[in-house]
Structures are given as structure tokens and as C-alpha cells.
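# A structural walkthrough
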Amino acid sequence: GCSANLRVRQFDVEAAYLQGAFEGDDGEVFVRPPPDERFFDDRGIQIVWKLLKPLYGEADAGRIWHRTAKRQLVQTQGFTQSEFD
């Protein structure tokens with residue numbers, strides 16, 4: 001039960017994953033530009049983009065966002081993570 005009589009609300013922020021950041025153990029992620037935005041170097045080799053931040057739908061984006069949010073809330077703001085989380 002809830003002893004503090006608090007209400008819990010849930011919401012979705014579509015751009016939240018853009019606030020996460022890759023770190024050393026996350027590896028590197030490269031993507032191809034959209035078909036109408038193809039870029040080539042001087043040798044005719046197609047250029048790819050290296051992501052600096054995870055994109056929504058990218059395989060590890062949720063894990064990286066959770067790590068970033070947890071760090072901000074627990075270490076910076078003084079929140080305590082639930083043992084059920």
C-alpha cells in the first residue's frame with residue numbers, strides 16, 4: 001500500500017531517447033542517410049553517419065535512456081530507486 005497518499009502518473013515523451021548519450025561500453029552505431037539524401041566521398045564511396053545519441057527505435061535506446069534518467073534522478077536529484085524497478 002501507499003503510506004504517503006501519493007498519486008502516480010505515467011507519460012510518454014517521444015524525444016526522451018535523444019537525451020541519452022552513448023558511453024564507452026555502448027559501442028558505435030552507424031546509419032545510412034535516407035535514400036534521397038545519399039552522400040559520397042571523393043572516391044565515390046557512400047558516406048554513413050555515426051550517431052552521437054541514440055534514436056527512438058534503435059536497439060539499445062531504451063537501456064541508454066534508463067541509465068541517463070536514473071543517473072539524473074538518483075545521483076543528481078537525490079531520488080531513491082524502487083527495489084521493484
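Residues numbered from 1 in each chain as written. Predicted model: local features only at pLDDT ≥ 70, side-chain atom pairs only at ≥ 80, totals over all residues. Heavy atoms only, no water.

### Focus: the overall build of the protein chain
Scanning the protein chain for helices and strands turns up one helix and two strands. What you see in the protein chain, going N to C, is helices and strands ordered as β-β-α. Rg of the C-alpha trace for the protein chain: 19 Å, well past the compact-globule value of 12 Å for 85 residues, more than 25% over. Across its three principal axes, the protein chain shows a C-alpha extent of roughly 65 × 25 × 20 Å. Within the span of the protein chain, comprising 85 residues, buried residues form 16% of the whole. When the accessible surface of the protein chain is summed, it comes to about 7,600 Å², and 53% of that surface belongs to carbon and sulfur atoms. (Helix = DSSP H or I, 4+ residues; strand = E, 2+ residues; numbered from the N terminus. Rg over C-alpha atoms; globule rule 2.2 N^0.38 Å. Buried < 20%, exposed > 50% of the residue type's maximum accessible area, 1.4 Å probe, protein only. Areas by Shrake-Rupley, 256 points an atom, 1.4 Å probe, with all protein chains shown as cover.)

### Points about the layout of surface pockets
In this structure, the second largest pocket occupies an estimated 270 Å³ of space. Lining the second largest pocket, in full, are V8, R9, Q10, F11, D12, V13, A16, Y17, Y56 and W65. Each residue belonging to the lining of the second largest pocket can be placed in one class, and the counts come to seven nonpolar, one polar and two charged. (1 Å grid on protein atoms, 1.4 Å probe; cavity = no way out; pocket = protein on both sides within 12 Å on 5 of 7 lines; lining within 4 Å. Points joined across faces, edges and corners; volume = space filled by probe spheres on them. Nonpolar A, V, L, I, M, F, W, Y, C, P; charged D, E, K, R; others polar.)

### Thoughts on the pattern of salt bridges
Inspection of every chain in the model, using the stated rule, returns eight salt bridges. Taking the shortest distance from any N to any O, the salt bridge between R67 and E23 comes out at 3.8 Å. Of this pair, R67 sits in helix α1 (residues 61–76) while E23 sits in the segment before β1 (30–31), placing them 44 residues apart in sequence. Take R67: its relative accessible area is 18%, and that puts it in the buried class. (Salt bridge = Lys/Arg side-chain N within 4 Å of Asp/Glu carboxyl O.)

### Concerning α1
An α-helical turn contains 3.6 residues, so a residue and the one three or four places further along point in the same direction. Taking 1.5 Å as the rise per residue, α1 with 16 residues should run 22 Å; its terminal C-alpha atoms sit 21 Å apart, in good agreement. Turning to α1, its buried residues number three or more, namely A61, I64, R67, T68 and A69. Within two residues after α1, G78 carries a phi angle of roughly 85 degrees, on the positive side. (Expected span 1.5 Å × (residues − 1).)

### Let's talk about the packing of aromatic side chains
What the rule picks out here adds up to one aromatic pair. Measuring from ring centre to ring centre gives 6.3 Å for F39 and W49, while their planes differ by 45 degrees; the resulting arrangement is tilted. You can see F39 sitting in the loop between β1 and β2 (49–50) and its partner W49 sitting in strand β2, a full 10 residues away along the chain. We classify F39 as partly exposed; its relative accessible area is 38%. With relative accessibility at 38%, the residue W49 sits in the partly exposed group. (Phe/Tyr/Trp six-rings, centres within 6.5 Å; stacked < 30°, edge-to-face > 60°.)

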